[in-house]
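Each chain, letter by letter, is given below.
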Amino acid sequence: MAIDRRREAASGGPGRHQPPAEENGSLPPGDAAASSPLGGRSGPSDGEIQSLPPLPAALAAGGPHSGCCGSASAPSTLLLDYDGSVLPFLGGLGGGYQRTLVLLTWIPALFIGFSQFSDSFLLDQPNFWCRGAGKGVAVTDRWGAGDMGNWSGPPATTTSTAAWGAASNRSNSSDAEGGDMPPLPSPPDKGDNASNCDCHAWDYGIRTGLVQNVVSKWDLVCDNAWKVHIAKFSLLVGLIFGYLITGCIADWVGRRPVLLFSIIFILIFGLTVALSVNVTMFSTLRFFEGFCLAGIILTLYALRIELCPPEKRFMITMVASFVAMAGQFLMPGLAALCRDWQVLQALIICPFLLMLLYWSIFPESLRWLMATQQFEAAKKLILHFTQKNHMSPESDIKGVMPELEKELSRRPKKVCIVKVVGTRNLWKNIVVLCVNSLTGFGIHHCFARSMMGHEVKVPLLENFYADYYTTAGIALASCLAMCVVVRFLGRRGGLLLFMILTALASLLQLGLLNLIGKYSQHPDSGMSDSVKDKFSITFSIVGMFASHAVGSLSVFFCAEITPTVIRCGGLGLVLASAGFGMLTAPIIELHNQKGYFLHHIIFACCTLICIICILLLPESRHQNLPENISNGEHYTRQPLLPHKKGEQPLLLTNAELKDYSGLHDAAMAAGDALPEGTTANGRKAM
C-alpha cells in the first residue's frame, strides 16, 4: 500500500490532489509562483524587512481571474517592478514633471478642507427666541398688542427664557474628522420647553459669523430640529456611497476619468445646493455633493501615493493633510467674510472650477497602467514623462523601453475589489484596517462630546470659536505627532501606539471618572466635581489626539498594502468605514444623546480588539508598493521588533513551510524558486 501511494504521488494521481484555483482563500501553485518581486534594495540589512526574491511569474496581474483574457504567459518582471525599475528610469521625484503633479494633488486639499468642515457653519444650531419677546428679556414683560400674533400658547406658561427652544438641549458635536460643532450653553432657567416652542416667528443669534444659515432660513428648531441631523446625514451618507462606488470604478476605468467627472458633478450639485428652496432639496443635493467629493478625495489620495517612491510616500501624504487642515482653520474667516450661507456654499465650490484644467495637464496613473498591462498607453505616457523631464533614452539602464516594446500586443487585465475575497492574507489586512478606521473615527465623537458636552462646565468651551479651534488644534498636533512616531516606529508600530493611547483614554474615562464621582460624594474624600471635570477634559483631549491619528494612519496604511490593481477599491472600503464611524455622531444627536454611554462602551471594546488585530498586519515602511494581488499576498506579517544578529528568527523558512499543512500545495511551487534560508516574510535566517 505504501508503494502504491508513492507511485500515485509521483504520477500526480489521487495521492497528489491539486486544489482548484483560490479555493478557501489559498492560491494554486501557478498563482503562488506568479509573484513578481516587491522590489527593494539588494542585500540584506540588519533590522530591515527585505522583499522576496524574483519568482518566475506565470500570472502577472493577479491570476487568471483578472478581467480580460490575455496571453497565457506573464509580462516581464522588469515592467511589473515599478518602484525598482520604471520609477528610477523616470527620475523618481527628482523629475520636475513629477514634482508638478504632486503639487497639483496638494492644491485641491484646501478646497476639500472647506467642504468637509462646512457643516459646522451651515448647520450650526443658533440661539433663538420668539420674535418680539426680546433676547434674554421676560416675555411676559414684552408682550404688547402687536406681539401677540407670534404666540399660540397662553402667556401664563412662558418664562423669561422663552428665547431657548428645545433644540438648545441637544449636543452639537458633529463628525469625527475634526469639525465638531460645539454645544449651546444652557439657559439659566429652561422653563417649559413645550410652551417655549409655541411661536410662529423666531429671531436668531448665529454664532458662526453668518447673518443667516440653513437653520435660521427654514426655522429648523423645536419640532423641526430633527431635519438638521438629517441634513448632516446626507453629506456623510453621500461620502460613504461615493467611496464605495467610485473606488471600484477607478480600478476599472482609471483614476483620471473618475477625478474629472467628480469635479464636473460637484460643481453642478454644489452650486445647486446654494439655490435650494427648502431643506429637503438641500439635504438631497448635499448627498450628491458628498458622493462627488468622495470621488475627488479618493482618486487624489491614490494618485499621490502612486507617484511617490517608498521613502517619500508618508511625508507627501501628510503635507496634503496639513493643507486640508489649513482649510479648516480658514473656514471661520471665510464665513465671516461671506455673511450668508448661500454665498459661503458658492464660495466653497467655485474653486473646483480651477480643477477643470486637470483634464489637459494631469495624466493617468502610470503605475496603474503598468499594473493592468495597458502597455500601449503606458509607453506613450513614459515618452511624455521623458519629454517633460528632458531625459535622454540613454538613461534607460535597465532596458525598460525595449521590454515594453515586446509587450505591446498584450490585452489589459483589470481586477475588481471583490477578487480580494479569494485571497489568504490580503482580505484580512483590509478588514483589520476597516475596523481600525471605524473605531478611530467613531470614538472620536465620544471624546469630543465629553470635552464639550453639557456635563463639563468650562467657560472657555462655551464659545463656538474656542470649541472649533480646540478641535482643529488637537487634529494638527495629532498629525505632527504622527510624522515623528511613524518615522521611528513604522506604520504598524505607530498605529499600535496610538490605538493603545485611545484605549487607555477611553477606559480611564469610563472607569476612573465613575470611581472619582463616587468618592466625591463623601465629604472627607477631598474630591469635588471640578476634579472630575478636569480629568474628563484631560482624557478627552488625549483620546481625540490618539483617535484622530488612528483613523488617518489606517487609511494611509491601507493605501500602501493594497495592490495597485485594486488600490482605489481597498481605499474606498476603509474610507467608507471611517464614514460609518462619523455617522454615529448625528445618530446619537438625533436621539437626544440617548445611548451615548453604551455607544462609548462598544467603541472602547473595539479598541481592545484592534490592538490584538494590529499585530497581524505587515510593515510597509521602505517597501515597494504591491502591484498585483500576488504581490499583496506576500505582504505577510513580520516580527514587531527586529531580531538581533545571530538570533534564529521564529518564522518558518520556506523549506519548513512545505510541511505546514495549511500551505502545503501553495508553498511547493513558491518554495522551489526561493533560497532555502528565506522565511515566509521575506527575511533570511541568520
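Everything quoted here is computed from the prediction, not taken from an experiment. (Residues numbered from 1 in each chain as written. Predicted model: local features only at pLDDT ≥ 70, side-chain atom pairs only at ≥ 80, totals over all residues. Heavy atoms only, no water.)

### Digging into the overall build of the chain
Here is step 1: Regarding its fold elements, the chain presents 26 helices and two strands.
Here is step 2: Across the 686 residues in the chain, those meeting the buried criterion constitute 57%.
Here is step 3: Carbon and sulfur atoms make up 64% of the accessible area of the chain, which totals about 27,500 Å². (Helix = DSSP H or I, 4+ residues; strand = E, 2+ residues; numbered from the N terminus. Buried < 20%, exposed > 50% of the residue type's maximum accessible area, 1.4 Å probe, protein only. Areas by Shrake-Rupley, 256 points an atom, 1.4 Å probe, with all protein chains shown as cover.)

### Topic: the pattern of salt bridges
Here is step 1: For the coordinates displayed, the defined rule picks out ten salt bridges.
Here is step 2: The partner of Arg367 in a salt bridge is Asp83, and the shortest N-O contact between them spans 2.8 Å. In this pair, Arg367 sits in helix α16 (residues 366–371) while Asp83 sits in helix α4 (residues 82–89), placing the two residues 284 residues apart along the sequence.
Here is step 3: What makes Asp83 buried here is its relative accessible area of 8%.
Here is step 4: Through salt bridges with shared partners, one network takes in Asp251, Arg255, Glu306 and Arg567. (Salt bridge = Lys/Arg side-chain N within 4 Å of Asp/Glu carboxyl O.)

### A word on the packing of aromatic side chains
Here is step 1: In the structure shown here, the tally under the stated rule is 18 aromatic pairs.
Here is step 2: Ring geometry for Phe287 versus Phe288: centroids 5.2 Å apart, planes at 85 degrees, classification edge-to-face.
Here is step 3: Judged by its relative accessible area of 23%, Phe287 is partly exposed.
Here is step 4: Given a relative accessible area of 35%, Phe288 falls into the partly exposed group.
Here is step 5: Of note, Arg256 hangs over the ring of Trp359, and the distance from its end group to the ring centre comes to 5.0 Å. (Phe/Tyr/Trp six-rings, centres within 6.5 Å; stacked < 30°, edge-to-face > 60°. Lys NZ or Arg CZ within 6 Å of the ring centre and 35° of its normal.)

### As for helix α22 (residues 567–590)
Here is step 1: Across its 24 residues, α22 extends 35 Å between first and last C-alpha, which sits within 8% of the 34 Å expected from 1.5 Å per residue.
Here is step 2: By the criterion of burial, α22 is predominantly enclosed, with 20 of the 24 residues buried. (Expected span 1.5 Å × (residues − 1).)

### Looking at the pairing of strand β1 (residues 127–130)
Here is step 1: The two faces of β1 match: Asn127 and Trp129 on one face and Phe128 and Cys130 on the other face are all buried.
Here is step 2: One ladder, built from four bridges, connects β1 with strand β2 (residues 202–205); its direction is antiparallel. For Trp129, the partnering residue across the bridge sits in β2 and is Asp203. (Pairing = 2+ DSSP bridges.)

### Examining the environment of Asp198
Here is step 1: Turning to its location among the elements, Asp198 is positioned in the loop between α8 (193–196) and β2.
Here is step 2: Taking the C-alpha atoms as reference points, Asp198 and Cys222, separated by 24 residues in sequence, lie 9.2 Å from one another.

### Some points on the nonpolar core
Here is step 1: With 140 residues, the main nonpolar core has Phe282, Ile296, Leu344, Phe352, Leu366 and Met370 as its most contacted residues.
Here is step 2: The leading source of residues in this core is helix α12 (residues 279–307), at 15 residues.
Here is step 3: When sequence neighbours within four positions are dropped, the list of residues in contact with Leu366 reads Tyr82, Val86, Leu90, Ala378, Leu381 and Ile382.
Here is step 4: Met451, Met452, Ala505 and Phe603 belong to the second largest nonpolar core, which has eleven residues in total. (Core = buried A, V, L, I, M, F, W, Y, C linked by side-chain atoms within 4.5 Å. Contact = heavy atoms within 4.5 Å.)

### Details of the packing of α12 against helix α13 (residues 313–338)
Describing two packed helices takes the angle between their axes plus the distance from one axis to the other.
Here is step 1: At a closest axis distance of 9 Å, the pairing of α12 and α13 adopts a crossing angle of 150 degrees. With respect to α13, the element α12 is oriented roughly antiparallel. Judged by the sense of rotation from one axis to the other, the crossing of α12 with α13 is right-handed. Residue-level inspection shows Tyr301, Arg304 and Ile305 of α12 in contact with α13, the latter providing Arg313, Ile316, Thr317 and Ala320.
Here is step 2: Residue classes in the contact of α12 with α13 are distributed as four nonpolar, one polar and two charged. (Axes fitted to C-alpha atoms, helices over the stretch in contact; angles between N-to-C directions. Parallel < 35°, antiparallel > 145°, perpendicular 65-115°, else oblique. Left-handed = near helix turned anticlockwise from the far one by under 90°. Nonpolar A, V, L, I, M, F, W, Y, C, P; charged D, E, K, R; others polar.)

### A closer look at the side chain of Gln98
Here is step 1: Within the secondary structure layout, Gln98 lies in helix α5 (residues 96–116).
Here is step 2: A distance of 2.8 Å separates a polar side-chain atom of Gln98 from the backbone oxygen of Leu90.
Here is step 3: When residues no more than four places from it in sequence are discounted, the contact partners of Gln98 are Leu90, Gly91, Gly92, Leu93, Phe385 and Asn389. (Polar contact = N/O pair within 3.5 Å; in protein donor to acceptor, adjacent residues only side chain to side chain.)

### Structural notes on the state of the cysteines
Here is step 1: For the structure shown, the criterion picks out zero disulfides.
Here is step 2: Note on Cys434: no disulfide assigned, nearest cysteine sulfur contributed by Cys558 at a separation of 6.4 Å.
Here is step 3: Overall, the relative accessible area of 14% leaves Cys434 in the buried class.
Here is step 4: Here Cys479 is not disulfide-linked; the sulfur of Cys483 is the nearest cysteine sulfur, at 7.1 Å. (Disulfide = S-S within 2.5 Å.)

### What about the confidence of the model for the chain?
Here is step 1: Of the residues in the chain, 66% have a pLDDT of 70 or more, and the chain-wide mean is 74.
Here is step 2: Confidence drops under pLDDT 50 across residues 12–72; counting only partners more than four residues distant or on other chains, this segment forms 138 contacts.
Here is step 3: Below pLDDT 50 for its whole length, residues 652–686 participates in 71 contacts with residues either more than four positions away or in separate chains. (pLDDT = per-residue confidence, 0-100.)

### Let's talk about a nonpolar patch on the surface
Here is step 1: A contiguous nonpolar patch, built from Phe241, Leu244, Ile245, Ile249, Trp252, Val253 and Leu573 and spanning about 560 Å² of accessible area, is present on the exposed surface.
Here is step 2: Its location among the elements puts Ile245 in helix α10 (residues 226–253). (Patch = residues over 30% accessible without salt bridge, like charges linked within 9 Å, V, L, I, M, F, W, Y side chains within 5 Å.)

### As for unusual backbone geometry
Here is step 1: Within the chain, Gln373 stands out as a residue other than glycine whose phi angle is a positive 60 degrees.
Here is step 2: By the secondary structure assignment, Gln373 is in the loop between α16 and α17 (375–388).
Here is step 3: Residue class for Gln373 comes out buried when judged on its relative accessible area of 1%.
Here is step 4: Of note, His622 is a non-glycine position whose phi angle comes to about 65 degrees, a positive value.

### A few points about the packing of α5 against α13
Here is step 1: Put simply, α5 and α13 touch, their axes get as near as 7 Å, and they point 35 degrees apart. Crossing geometry of α5 relative to α13 is assigned as right-handed. In this structure, α5 uses Val102, Trp106, Ala109, Leu110, Gly113 and Phe114 to contact α13, whose residues at the interface are Ile316, Val319, Ala320, Val323, Ala324, Ala326, Gly327, Leu330, Met331 and Leu334.
Here is step 2: Class assignment of the residues belonging to the contact of α5 with α13 gives a composition of 14 nonpolar, two polar and no charged.

### Here we look at α12
Here is step 1: Taking 1.5 Å of rise per residue, the 29 residues of α12 would be expected to cover 42 Å, and the 42 Å separating its terminal C-alpha atoms lies within 8% of that figure.
Here is step 2: The opening residue of α12, the one whose side-chain oxygen lies 3.2 Å from the backbone nitrogen of Thr280, is Asn278.

### Here we look at the environment of Tyr465
Here is step 1: Here Tyr465 shows up in helix α20 (residues 464–520).
Here is step 2: Taking relative accessible area as the criterion, Tyr465 reaches 30% and is therefore assigned partly exposed.
Here is step 3: When the C-alpha atoms of Tyr465 and Gly209 are compared, they prove to be 9.8 Å apart, with 256 residues separating the residues in sequence.
Here is step 4: Contacts of Tyr465, omitting those with residues within four sequence positions, involve Arg207, Thr208, Gly209 and Pro332.

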